[in-house]
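The residues making up each chain are set out below.
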Amino acid sequence: MSHKVLIVDDHWVVREGIKMILGTDDNYEVIGEAEEGHTALELMQKLQPDVILMDLNMPGGLSGLDTLKQMNVEQINIPVIILTTYNEDELMINGLGLGAKGYLLKDTSRDHLFRTLESALRGETLLQPEISARVFAFHQKPAVVHKHKDTLLTEKELIILQAVARGLRSKEIAFDMGIAERTVKAQLTNIYNKLGVDSRSEAVAVSVERGILHL
């Protein structure tokens, strides 16, 4: 049985391109498309897609961010993958905070598209290294971690949080810190519990929101 996909983008060419790519894999079926968020919300209720590919910036209608907000209000629990371009860093961070399960650049590869879809359908949040590098721009403006009165993160947890924001994996963090990988994973679990999140990307987004992590 194929996974049902809803495409939300104001550009016809983008929608057609995605449909063409998805049409090469029998595991996916595009069941609907919308040019803006109001129509998308109606189609979500009507068609019950398994996953949504949605643009953030849709002039003339309900934006992707506002659509995500409304989905939260209406408790529509369908995984959303954001379609974006390199010049939308702030929007991407906001979308992450609203529960997006991944990001795709509009010139992404076929393999990248399917990996992101598979991750979202498993309920996982996928933040690709090339996108995290752009969003957090650590090559130009290193992140600075600050203690915050509303957090109980330890110094070690703060260091790990900073590394996570830079897109490092647990194995790389462990190597840099000279500790076991299982220790990093245990610390990440503590961070998630303290911040009330369940993924790396959400931990970064919430930390930015609360002023724990400054970009």
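Data block above holds the structure.
Residues numbered from 1 in each chain as written. Predicted model: local features only at pLDDT ≥ 70, side-chain atom pairs only at ≥ 80, totals over all residues. Heavy atoms only, no water.

Visitor: What is the right way to look at the pattern of salt bridges in this model?
Guide: Close approach of charged atoms lets side chains of opposite charge pair. Throughout the structure, instances matching the rule amount to ten salt bridges. Ionic pairing is found between Glu 16 and Lys 19, a salt bridge with its closest N-O pair at 2.8 Å. Residue Glu 16 and its partner Lys 19 are located together in helix H1 (residues 12-22), separated by three residues, close to a single helical turn. Note on Glu 16: relative accessible area 26%, which makes it partly exposed. On the basis of relative accessibility, which here comes to 25%, the residue Lys 19 falls in the partly exposed class. For Lys 106, the salt bridge is made with Asp 55, and the minimal N-O distance between the two is 3.2 Å. Residue Lys 106 is located in the loop between strand S5 (102-105) and helix H5 (110-121), and its partner Asp 55 is located in strand S3 (residues 51-55); the two are separated by 51 residues in the primary sequence. For Lys 106, a relative accessible area of 34% corresponds to the partly exposed category. In this structure Asp 55 comes out as buried when scored by relative accessible area, which is 2%. One salt-bridge network, held together by shared partners, links Arg 15, Glu 16, Lys 19, Glu 33 and Glu 35. (Salt bridge = Lys/Arg side-chain N within 4 Å of Asp/Glu carboxyl O. Helix = DSSP H or I, 4+ residues; strand = E, 2+ residues; numbered from the N terminus. Buried < 20%, exposed > 50% of the residue type's maximum accessible area, 1.4 Å probe, protein only.)

Visitor: Mind showing me how you'd approach the pairing of strand S2 (residues 28-34) here?
Guide: Two faces, one strand: in a regular strand the side chains alternate between the faces of the sheet. Across six bridges, strand S1 (residues 3-8) lies against S2 in parallel orientation. The partner of Leu 6 across the bridge, within S2, is Gly 32. Viewed along the sheet, the connection from S1 through H1 into S2 turns out right-handed. (Pairing = 2+ DSSP bridges. Right-handed = clockwise from strand over helix to strand, strands pointing away.)

Visitor: Help me understand the nonpolar core in this model?
Guide: Side chains of nonpolar character tend, in soluble globular proteins, to be buried together. Residues Val 8, Met 44, Ile 52, Met 54 and Met 71 are the most contacted members of the largest nonpolar core, which totals 24 residues. Mapped by element, the contributors of at least two residues to this core are S1, helix H2 (37-47), S3, helix H3 (64-73), strand S4 (80-84) and helix H4 (89-97). Among the elements that take part in this core, H2 stands out by supplying four residues, more than any other. In this structure, Met 54 is in contact with Val 8, Gly 64, Thr 67, Leu 68, Val 80, Ile 81, Ile 82 and Leu 83, ignoring residues within four places of it in sequence. (Core = buried A, V, L, I, M, F, W, Y, C linked by side-chain atoms within 4.5 Å. Contact = heavy atoms within 4.5 Å.)

What is shown is where atoms sit, not what they do.
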